[in-house]
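One letter stands for each residue in the lines below.
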Amino acid sequence: MVRHTLSSICLVSLMTASLQAQERQPPQGPLAPLSFMIGRWEGPATMDMGPRGRHQLRQREWVATAAGGTVLTVTGQGTERQPDGAEKVMFDAFAVLYRDREGKPALRAYLANGQWVDATLEVKEKGLVWGYSDPRAGQIRYTMTLTPEGRWNE
């Protein structure tokens, strides 16, 4: 079992992941550099909801390959501990990273409220940059890198 950590400014501040032995094929083609993402990531996160305030979450990300390694799937869920000790889901999303018809990396992300977005995706050696245009907030961009310490910084 390999342990990784993940951090993010917008959503995820620090996560630790355990990577289970995978029977699936590693990512192929333009997604191959993202093989380090495969596994289960978990740790504290901060979600900034603008005027509705900040929330401290326990963020979990599950990353796996599918379709012979041609697709990466990412399931993310963030929960917040309530005063009574119960965990409330504050963030619930699913994304598919794939090769588009032109052979370029692409990403589609889905939210629990039924919304989805086709985002731009740039794969880096130890990370990625993805984003989209939001009519309410303008251009949204996320940059994710794996730090030398093994942290996922987004």
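Residues numbered from 1 in each chain as written. Predicted model: local features only at pLDDT ≥ 70, side-chain atom pairs only at ≥ 80, totals over all residues. Heavy atoms only, no water.

Looking at the overall build of the chain
Looking only at helices and strands, one finds zero helices and eleven strands in the chain. The order of helices and strands in the chain, counted from the N terminus, is β-β-β-β-β-β-β-β-β-β-β. Taking all 154 residues of the chain together, the buried fraction comes to 41%. By sequence separation, contacts in the chain at least 24 residues apart represent 38% of the contacts at least 6 residues apart. Taken as a whole, the chain presents about 9000 Å² of accessible surface, with 52% of it coming from carbon and sulfur. (Helix = DSSP H or I, 4+ residues; strand = E, 2+ residues; numbered from the N terminus. Buried < 20%, exposed > 50% of the residue type's maximum accessible area, 1.4 Å probe, protein only. Contact = heavy atoms within 4.5 Å. Areas by Shrake-Rupley, 256 points an atom, 1.4 Å probe, with all protein chains shown as cover.)

Some points on the pairing of strand S4 (residues 54-66)
Alignment of strand S3 (residues 39-48) against S4, held across ten bridges, turns out to be antiparallel. Bridging from a neighbouring strand, Asp48 pairs with Arg54 of S4. Between the end of S3 and the start of S4, which pair antiparallel, lie five residues, with Gly50 showing a positive phi angle near 60°. The turn joining S4 and strand S5 (residues 71-81), which pair antiparallel and follow one another in sequence, is formed by four residues; a positive phi near 50° is taken by Ala67. (Pairing = 2+ DSSP bridges.)

Remarks on the confidence of the model for the chain
Looking at the chain, the pLDDT average stands at 82 and 84% of residues meet or exceed 70. Below a pLDDT of 50 lies the segment residues 1-14, which in the model reaches 71 contacts outside its immediate sequence neighbourhood of four places, other chains included. Across residues 16-22 the pLDDT falls below 50, and counting only partners more than four positions away or on other chains, this stretch makes 27 contacts in the model. (pLDDT = per-residue confidence, 0-100.)

A few points about the nonpolar core
By size, the foremost hydrophobic cluster in this structure holds 24 residues, and its most contacted members are Leu34, Met37, Leu97 and Leu128. Among the elements of the structure, S5, strand S6 (87-99), strand S7 (105-111), strand S8 (116-124), strand S9 (127-134) and strand S10 (138-146) are those that each provide at least two residues to this core. A per-element tally of this core places S8 first, with four residues. Sequence-distant contacts of Leu97, defined by excluding residues within four places in its chain, comprise Leu31, Leu34, Thr70, Val71, Leu72, Val74, Ala106, Leu107, Leu121 and Leu128. (Core = buried A, V, L, I, M, F, W, Y, C linked by side-chain atoms within 4.5 Å.)

Here's the deal with the pairing of S8
On S8, burial follows the alternation: Val117, Ala119, Leu121 and Val123 on one face are buried, whereas Trp116, Asp118, Thr120, Glu122 and Lys124 on the facing-out side are not. One ladder, built from four bridges, connects S7 with S8; its direction is antiparallel. When the bridges of S8 are listed, Leu107 appears paired with Ala119. Connecting the antiparallel pair S7 and S8 is a turn made up of four residues, with Gly114 showing a positive phi of about 95°. Alignment of S8 against S9, held across five bridges, turns out to be antiparallel. Counterpart to Val123 in the pairing with S9 is Leu128. Taking the residues between adjacent antiparallel strands as the criterion, S8 and S9 are bridged by two residues.

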